[in-house]
Amino acid sequence: MSDVARAAGVSPMTVSNVVNGRSGVSEATRARVAEAVSALGYRANASARRLRTGRTGAVGLLVPEVAASYYTHLAGRLSRGLEPHGYRVVLERTGATRAGEERALSPERLGAYDAVAVSPVVLDGEEVRRAVGERPCVLLGERPLRGAHPQVAMDDVGGSVLAVRHLLEHGARRVAVVGGRPARAGADMPSLRTEGYRWALLDAGAVVDERLVVPVSAFDARGGFEATRRLLEGAPDADALFVLTDAAATGALRALADLGRDVPGDVQVVGFDNDEGSAYTVPRLTTVDPGNAAMAEAVVDLLLAQLRSGPVPARLLRPSGAHLVVRESTRAVGPRT
């Protein structure tokens, strides 16, 4: 650090402020220090810093499944937001079980992180608070989680209403939901998105046919593929699919192709999440963008605020409304993206 300070013509404290992402340094000075860091190949010694400061420079992202594309993309967005401030993101799987969530929130695991963003499926907000203690924390997920920490959530119901209305407005009469749940099943992602599906149909004066509400074994390509084949065996007249994730929609498109169903001529398809891969399916997938970038930015801002200044008010934030990204898998009117 002293070598970097001499090369940049600043004090070691200024170098420390820059590499740790602290405020109070001009952009010109910050750029000069960054150039010296790069030229000298400086790397912070994480073990030494932890011993000296009690900080690890790591933020844990604790999620149900690391293989899910939504969470890998979220990890990337958080990394891009936190790395300039001296923090790396560590993705950790909980398995969506109580044991897995309690293990991820154990003192031994939490000791590796300065802050955590947690997407609990089983634990409630108060249980997370007791486990996390004073450590900066942001809650993720659709169900309201009362506790001491702020929560960032997406508009699952509103986004699903948009998807189903779009299908109905473009000629669909028998809209199925792939990944759907029974009515009033709970407040998790599939239940809330199915609730939006039901609202949109009822608002349009349509009857909800429970034969068109099809669960999946998993919200991945295989789950979507298997559920779509099962759906069309029992309801071959379905002319539109609202698939609750883009990953599952990829499998649904494959199943439709195997069965000789043209998309969107015979069956229209809408996904949810606007994953990067949704623009490269055949045909390109119409999908709901829940405001992923805005949500990630909100998580970064809340974590940094706590890391710098301590606790922030516990509140539920929905930073951005959902919108539809119209592509080739629906009979859309107007230009496609």
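For clarity, every value in this text was computed on a predicted model and none was experimentally measured.

Q: Help me out: how do you make sense of the layout of surface pockets in this one?
A: Unoccupied space between atoms shows up once a probe the size of one water molecule is rolled over them. In this structure, the largest pocket encloses a volume near 990 Å³. Forming the boundary of the largest pocket are 37 residues, of which P64, A68, Y71, M189 and F219 lie nearest the centre. Listing elements by their share of the lining of the largest pocket, those giving two or more residues are α5 (69-82), α10 (189-203) and α13 (292-309). Take the lining of the largest pocket: its biggest share by element is four residues, from α5. Residues of the lining of the largest pocket, tallied by class, amount to 21 nonpolar, six polar and 10 charged.

Q: For this particular structure, what's the right way to read the pattern of salt bridges?
A: When their charged atoms lie close together, side chains carrying opposite charge are able to pair. Counted by the stated rule, this structure contains 19 salt bridges. With a shortest N-O distance of 3.0 Å, E127 and R98 are connected by a salt bridge. In this pair, E127 sits in helix α8 (residues 125-132) while R98 sits in helix α6 (residues 98-104), placing the two residues 29 residues apart along the sequence. Where R254 meets D258, a salt bridge forms, and the shortest distance between an N and an O atom there is 2.8 Å. Residue R254 and its partner D258 are both found in helix α12 (residues 246-258); the two are separated by four residues, about one turn of the helix.

Q: Got a minute to help me understand the environment of V263 in this structure?
A: In this fold, V263 is placed in the loop between α12 and β9 (268-272). In this view, V263 contacts L253, L256, V269, P283 and S329; residues no more than four positions away in its chain are not counted.

Q: Please explain the sheet that holds strand β2 (residues 88-93) as it appears in this structure.
A: Hydrogen bonds between backbone atoms are what pair the strands of a sheet, whose relative direction is either parallel or antiparallel. The strand order across the open sheet formed by six strands is β2-β1-β3-β4-β5-β11, and the pairing between neighbours is parallel. The sheet is open, and its two borders are formed by β2 and β11 (316-317), each paired with just one other strand. Strand direction decides the pairing type here: strand β5 (residues 151-152) and β11, joined by two bridges, are parallel. Bridging across to β11, Q151 finds its partner in L316.

Q: Looking at this model, I keep getting lost on the sheet that holds strand β10 (residues 286-289). Mind explaining?
A: Pairing in this open sheet of six strands is mixed, and the strands run β7-β6-β8-β9-β10-β12 from one edge to the other. The open sheet has two edge strands, β7 (213-214) and β12 (323-325), and neither has a second partner. Pairing of β10 with β12 involves three bridges; the strand directions are antiparallel. When the sheet's bridge partners are listed, V288 is paired in β12 with L324.

Cut-offs used in this document
Residues numbered from 1 in each chain as written. Predicted model: local features only at pLDDT ≥ 70, side-chain atom pairs only at ≥ 80, totals over all residues. Heavy atoms only, no water. 1 Å grid on protein atoms, 1.4 Å probe; cavity = no way out; pocket = protein on both sides within 12 Å on 5 of 7 lines; lining within 4 Å. Points joined across faces, edges and corners; volume = space filled by probe spheres on them. Helix = DSSP H or I, 4+ residues; strand = E, 2+ residues; numbered from the N terminus. Nonpolar A, V, L, I, M, F, W, Y, C, P; charged D, E, K, R; others polar. Salt bridge = Lys/Arg side-chain N within 4 Å of Asp/Glu carboxyl O. Contact = heavy atoms within 4.5 Å. Pairing = 2+ DSSP bridges.

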